[in-house]
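Chain by chain, the residues:
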Amino acid sequence: QIPANYGSKCWPWDSQTLFRSSVDCSKLLRGQQGPHCCSSFCFVQDNCPTAVSWQGYNSSWDGLMGYVSYDTCDDDKQVVEECPYKFPKEGRGGLLTGSWTEYDSYLVLTLTSPIVAFLPMTVTVPIEANISTPMVGLGKSFTQLDVDLLDVEANTRMSPLHAVVVDAIGTFLDATLSIDEFSAGMAVPITIRFTPRMRIQAGENVEFELSDFESDSASIRLTSDPPRFAMSNWNAATETLTSFASADITADQIITIYIPRTLRLPVTGLSAASVMWILTNAKSGSVLRSSPFPIRALQNVGSLWNTAVSFNPPVFDETMNVTLEFRSRMPLVSGDTVELTMEGFTGPPTARGDPMYVAALFSEPAQMFSVAWHNDGASAPKLVVVINNEIRLPVDTHFRTTIPSNCTFKNVAQQCTNQVGISRPSSAAEYDPKGLYLTVQSSAGSLDRALVRMSSVLSPRPALNALRGTWKGVSYSASGFTQEGNATHLLGCLSAGFECPSKAAYFCGTIASDTTLLVVPGGSGYQARLSTAVSSRDMQSFGITFKGAQRGGDFKLLDMQGTRLFLKNVTASEYIIPDNPRQAVDTSGLTFCAYARAMYRVDLDGTQDVAMELYTEYVYRTLNAFTTNVRVRLKIVADPYFNPVGLELQDVDVRRLFQKTFAKTWNVDIDSVVYSTSARHPPVIECRQLPECHVELVVYAETEWQKSNGKLWARSMFEAISGGLLKYNMEIANLIIAVTLTEPMFISPDTLLSEACPDQPRGRISQPFARWLSQGRELEVEDSSHGYATKTSATCQRRAGVNNLDRIAYEGGAGYTVNFGVISVLTRESTIAVIADFDTNGPNNVTAMEFGNMTVKDSGASALEFGGRHGACLLLSCLVVLFIER
């Protein structure tokens, strides 16, 4: 008799030992021996993961039915050891070995230990076995999944058992994506066709993962044939288009979805390698993200990036050099062509199908392609790049070619023809940079009408016209040495000339200055006014503050040759100390050269702006490791009437008298005037009874004004010589001599404009993956002309082999020179600009008092206050020096 609490807890309920029964356990449960005879078990719900179906012992016991679990309970050790029935004591693991036979798709499982009746078994086939589900999917109605049981010893086979599929796996017969417009990065109509092998019910979704596609819309209305889809959602983060079925889709039904011009193709193009997947949550068979079905692209779409066209000279009505640059995002092979359409341009006519070949000044890669000119009148003129025979150029090959303005075309004998070169008439329609676009014919990917991303601004003569207007942007200065762990001290050391530590690190930080540039035609040339205001700085730990918020100056633009801009500084002369006219600095008259380039920046959708790079290079130099000083090289000639035996500077008293007179004239102590030597200036004691001598002096600053205004002080020293004050003081000291400068004074430390016209700035970026007018996904292109400057173009991290944070050796007294640059990145707000009171003394001109005055705080007496008139601009906005100091 069954106990009332039978199965209520874990217990070996059917054990003969505990039942005190002589009845064979195998007769209790339909004649089967099994775990119930000796194992502990309890009744459980049918949803228990380890539940086993249990039916009453026999019909006389009312046919009780239910579920029990053996795995939930721990066995009684004594009962198990005394159990007369044999079954695995180690549990269910390690009972099988498996093998796969490819030819008949059999998974053979061989028992390594006996399995007793009613023992639930779970077989897991690891993914490493590389056994895949059928290509047609695995639906719940799948009929070809059977289990055969074979007793090898008895050589008998049981009837096959059909396996029931619990989790259906769906698939697709095919899935393709096609387009009619080959425009990488642009929104185009898209057709997706797919055929599910399982039923998709209304309300279930189909997802399309389209890597690198983009859209500005979160919801996209679409159509399908037959009509099964109407709305879809675009997830920009996962690049997934999700659409819900509005009606049932039967298995093997072809569905065609038409997506309007709302999705942009990848800017890198489209090919068989493009990553696209289709998924669904259909109950009849899901296709999950863990095992998606691929979508095939039916067409290859090519892509070009970093496209640029520049003209020299960039003016209407003149033949010009034309430079074309681009990078190909697909391989190009023999016969492939890249065409540059140039709407509104002119050149010699050509017969249809009979182009003229161009004698390029420069081609990269060399000898890999030729360039032809097409101008048959049926369409806009074109320059066509043709890949030469037996050539295959890999992905990301950089192309650059320059078409000359003279001898543009040559005959078969490589002789110049008489045809005029390429030009853009001013009489044509208004110039639009969108008239420059590229097309590609290639088996690896065609491309329709890809707008050139950067091109020169064209204007009427002269070339300076391209710069006219109101420009606004940011200027960046970034250059300097700094001592590790003590930046303020070394800033003072280099900027004011104090003794530096024996070792330091080269460190770069940047200072950004909001900048406005006005350029207008006027007078004999073009006038310009530039003003800056410090907006941010990355080196606040240096303790730098500015006394003047606005800085700037007035200039005449003299000429522009290519990217070389020649300027003359006409900023008004002002007084640093108004009560002393001798301390005035005339900053006008200096001419210098800068790099300037005005370019159209065009987005893929045609949005555009006009941007300018303005770049100037400087030289910071110092002769020694001491405070601000001026090297003065003089020619001293004795008056023969008063000095019949000549100069006698070998006499210490005479030398001291000269020093005293120089010191009085230049407002310093006698010990601050030191005799020095050089190749042309021997030791002063060798000037013994000579009619004339070359003497070199180093004069050290003493007052705060002298230290912080080195150029002003040197100017006053020069005026004391040229204006007669020195001669007057010499006569008072009974030194009847003539003193003249043999060369300009050298201020140490000093900051000067580089004598040479600067090359194009480095540290440029391009934006092949995004819009010019938005941030993100920039690509560094170093100094390539198809790039655009950034704050890294300030160049301090690339100076004569010294990189940022490198340690350098500094030998006191040896002197050194550091080159650095300042970059202004501007965009044109208007072609109209107004400059009021443009002259050397206009009341609205920015005064010298406002230019770059600043202090280094908390650096002690040696790290003195200084203005923007010498080495301070190593770490501060050097635009002060660029446009004002000279």
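Residues numbered from 1 in each chain as written. Predicted model: local features only at pLDDT ≥ 70, side-chain atom pairs only at ≥ 80, totals over all residues. Heavy atoms only, no water.

## Looking at the overall build of the protein
- Looking only at helices and strands, the protein has 8 helices and 56 strands in total.
- Considering only intrachain contacts with a sequence separation of at least 6, the fraction spanning at least 24 residues in the protein is 71%.
- Just so you have it, the protein exposes about 42,100 Å², and 51% of that area is on carbon and sulfur atoms. (Helix = DSSP H or I, 4+ residues; strand = E, 2+ residues; numbered from the N terminus. Contact = heavy atoms within 4.5 Å. Areas by Shrake-Rupley, 256 points an atom, 1.4 Å probe, with all protein chains shown as cover.)

## Observations concerning the sheet that holds strand 25 (residues 356–357)
- Across the sheet, 6 strands lie side by side as 25-27-28-24-31-32; this open sheet has antiparallel pairing. The open sheet has two free edges, formed respectively by strand 25 and strand 32 (447–451), since each of these has just one partner strand.
- Bridge analysis of strand 31 (residues 436–441) against strand 32 gives 3 bridges, and the strand direction is antiparallel. Paired with Leu 438 across the strands is Ala 450, a residue of strand 32. (Pairing = 2+ DSSP bridges.)

## Some remarks on the confidence of the model for the protein
- With 75% of its residues at a pLDDT of 70 or more, the protein shows a mean pLDDT of 77.
- Note that pLDDT drops below 50 for residues 58–63; the model gives that stretch 5 contacts with residues more than four away or on any other chain.
- Throughout residues 840–886 the model reports pLDDT below 50, and contacts reaching past four residues in sequence, or to other chains, amount to 179 contacts. (pLDDT = per-residue confidence, 0-100.)

## Observations regarding the nonpolar core
- With 104 residues, the main nonpolar core has Leu 177, Ile 190, Phe 194, Phe 208, Phe 311, Met 342 and Leu 383 as its most contacted residues.
- The leading source of residues in this core is strand 42 (residues 591–602), at 6 residues.
- In this structure, Leu 383 is in contact with Val 322, Val 338, Glu 339, Leu 340, Met 342, Val 358, Val 371, Ala 372, Trp 373, Ile 403 and Ile 422, ignoring residues within four places of it in sequence.
- Leu 634, Ala 638, Leu 649 and Ala 701 belong to the second-largest nonpolar core, a separate cluster that totals 37 residues. (Core = buried A, V, L, I, M, F, W, Y, C linked by side-chain atoms within 4.5 Å. Buried < 20%, exposed > 50% of the residue type's maximum accessible area, 1.4 Å probe, protein only.)

## Overview of the pattern of salt bridges
- Summed over the entire model, instances satisfying the criterion amount to 25 salt bridges.
- A salt bridge links Arg 261 to Glu 181; the nearest nitrogen and oxygen atoms lie 2.8 Å apart. Residue Arg 261 is located in the loop between strand 17 (255–259) and strand 18 (276–280), and its partner Glu 181 is located in the loop between strand 10 (172–179) and strand 11 (190–196); the two are separated by 80 residues in the primary sequence.
- Two residues, Arg 715 and Glu 719, come together in a salt bridge whose shortest N-O distance is 3.2 Å. A residue pair is termed a helical-turn pair when its members lie 3 or 4 positions apart in one helix, as Arg 715 and Glu 719 do in helix 6 (residues 710–722) at 4 residues. (Salt bridge = Lys/Arg side-chain N within 4 Å of Asp/Glu carboxyl O.)

## What about unusual backbone geometry?
- With an omega of 0°, the peptide bond running from Asn 312 to Pro 313 counts as cis.
- Here Pro 313 shows up in the loop between strand 21 (304–312) and strand 22 (321–328).
- Here the bond from Glu 364 into Pro 365 is cis, since omega is 0°, no more than 30 degrees from zero.
- Structurally, Pro 365 is set in the loop between strand 26 (362–364) and strand 27 (369–374).

## A few points about the state of the cysteines
- Across all of its chains, the model carries 4 disulfides by this definition.
- Disulfide pairing is shown between Cys 407 and Cys 416; the S-S distance is 1.7 Å. Linking Cys 407 and Cys 416, the disulfide has an S-S dihedral of approximately -85° and is accordingly described as left-handed.
- The exposure class assigned to Cys 407 is partly exposed, which follows from its relative accessible area of 28%.
- Under the relative-accessibility criterion, Cys 416 is labelled partly exposed at 45%.
- The thiol sulfur of Cys 42 is not disulfide-bonded, and the nearest other cysteine sulfur, from Cys 73, lies at 3.9 Å. (Disulfide = S-S within 2.5 Å.)

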